Amino acid sequence: NAGVTQTPKFQVLKTGQSMTLQCAQDMNHEYMSWYRQDPGMGLRLIHYSVGAGITDQGEVPNGYNVSRSTTEDFPLRLLSAAPSQTSVYFCASSANLAKNIQYFGAGTRLSVL
Amino acid sequence: QQQVKQSPQSLIVQKGGISIINCAYENTAFDYFPWYQQFPGKGPALLIAIRPDVSEKKEGRFTISFNKSAKQFSLHIMDSQPGDSATYFCAGTSGSRLTFGEGTQLTVNP
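These numbers were taken from a predicted model, which means no experiment stands behind them. Chains are numbered independently. Their residues run from 1 in the order of the written sequence. Ligands are numbered from 1 and chains lettered from A, in the order in which they are written. Totals for whole chains, interfaces and linings use every residue, but because this is a predicted model, local features are given only for residues with pLDDT of at least 70 and side-chain atom pairs only at 80 or more, for both listing and counting. Based on all heavy atoms of the structure, the side-chain values leave hydrogens and waters out of the count.

## With respect to a nonpolar patch on the surface
Residue and element names in this part refer to chain B. The cut-off we apply is this: Patch definition: residues with relative accessible area over 30% and no salt bridge; like charges joined within 9 Å; nonpolar side chains (Val, Leu, Ile, Met, Phe, Trp, Tyr) joined within 5 Å. Using a 1.4 Å probe, accessible areas were evaluated by the Shrake-Rupley method; residue-level cover was limited to the displayed protein chains. Put simply, a salt bridge is a Lys or Arg side-chain nitrogen that is within 4 Å of an Asp or Glu carboxyl oxygen. Helical segments are the DSSP runs of H or I of at least four residues, strand segments are the runs of E of at least two, and each set is numbered from the N terminus. When accessible area is computed with a 1.4 Å probe and restricted to protein chains, residues below 20% of their type maximum are described as buried, those above 50% as exposed, and intermediate ones as partly exposed.
Together, Ile18, Ile20 and Met78 line one region of the surface with nonpolar side chains, adding up to about 240 Å² of accessible area. As for its placement among the helices and strands, methionine 78 is situated in the loop between β8 (72-77) and β9 (86-94). What makes methionine 78 partly exposed here is its relative accessible area of 36%.

Shown next as C-alpha cells:
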C-alpha cells in the first residue's frame, strides 16, 4: 500500500551542490509531477510527465531537470543548488487526466545554505 | 501571476461552527475544481471536487459552491471539528496541469 514514495525526507545542501530527489509510485499511473511548496504561495508546478519518455515544464522549471525512463520513477535533479530553492518538494501521480485526481507523496524538505 | 486566488490566508473557527474558504480563478479553460486538504508533515490529499457545469456538490460535512459567471467557488465545512484543522488548497485543472491557490490554514478550537 505504498502509493507515492519520496526520498529523502530531509536534506541540507550547500550552495552549488547538486542532488536528486527521488519519487516512485506503484499504482501504474501515467501522469507524474513535481511541485514546490512555499509559505503563502501554495504549490507551484515545476515539471510534469504524461508518460515514460515524455516530460514538460511547469510554472517554475528553472534550475531543475527531470527524466522519465520508467512509468514508476520520476526523479527531480537540482543541478546547482541555490538558497532560493529552499522549499518543500512534493511529487504526485495521477491515473486519470480527465479528473486529474493527484496522489501526493509525503514531501522532501530541502534547505540550501 | 496567481491564476487562482484564495482567501482568507488563515481562519479560526469554534468547534461546531461553519468554516468558509473562497477562491476566484482567471483561467476559463479550467474544467475541474478540486479542493485538497493537507495536515502538517503530510502531502495534500483530495477532499472534494466539482465540475463547472454543477453549482453545488456536497459530501458529508463538506460542500463546494460554484459560480461560473463570477468565476468563484467556495468550500463550506459544516459542524467544524478540531480534526478539520489543516491547510486547505483550492485548485483548477486545465488538461494535464493543476494550478493551486495560496492555501488557507484552518484552526478549529475545541
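## With respect to the sheet that holds β8(B)
Through backbone hydrogen bonds, the strands of a sheet pair up, either in parallel or in antiparallel fashion. Residue and element names in this part refer to chain B. Our working rule: One bridge is not enough; two strands pair if DSSP finds at least two bridges between them. The axes used here are C-alpha line fits, helices contributing only the stretch in contact, and every angle between their N-to-C directions lies in the interval 0 to 180 degrees.
Strand order in the open sheet formed by five strands is β1-β3-β8-β7-β6, and the pairing between neighbours is antiparallel. The open sheet terminates on both sides in strands that have one partner only, identified here as β1 (4-7) and β6 (56-59). Averaged over all pairs of adjacent strands, the angle between strand axes in this sheet comes to 15°, irrespective of strand direction. Relative to β8, strand β7 (residues 62-67) runs antiparallel, the two being bridged by six bridges. Across the sheet, residue phenylalanine 62 finds its bridge partner in β8, namely isoleucine 77.

## Considering the packing of aromatic side chains
Heads up, the rule is: Each Phe, Tyr or Trp ring (for Trp, its six-membered ring) is paired with any other whose centre lies within 6.5 Å, and the angle between the two planes then decides the class: stacked below 30 degrees, edge-to-face above 60, tilted in between. As a reminder, the over-ring test applies to NZ of lysine and CZ of arginine, requiring each to be within 6 Å of the ring centre and within 35 degrees of the ring normal.
Across all of its chains, the model carries 18 aromatic pairs over all chains by this definition. Here the aromatic rings of B:Tyr25 and B:Phe33 are separated by 4.7 Å at their centres, their planes lie at 45°, and the arrangement is tilted. As far as burial versus exposure is concerned, B:Tyr25 and B:Phe33 are alike and both buried. One aromatic cluster is present, built from ring pairs that chain together A:Tyr35, A:Phe90, A:Phe104, B:Tyr36, B:Phe89 and B:Phe100. The positively charged end of A:Arg68 is found above the aromatic ring belonging to A:Phe74, 6.0 Å away from the centroid.

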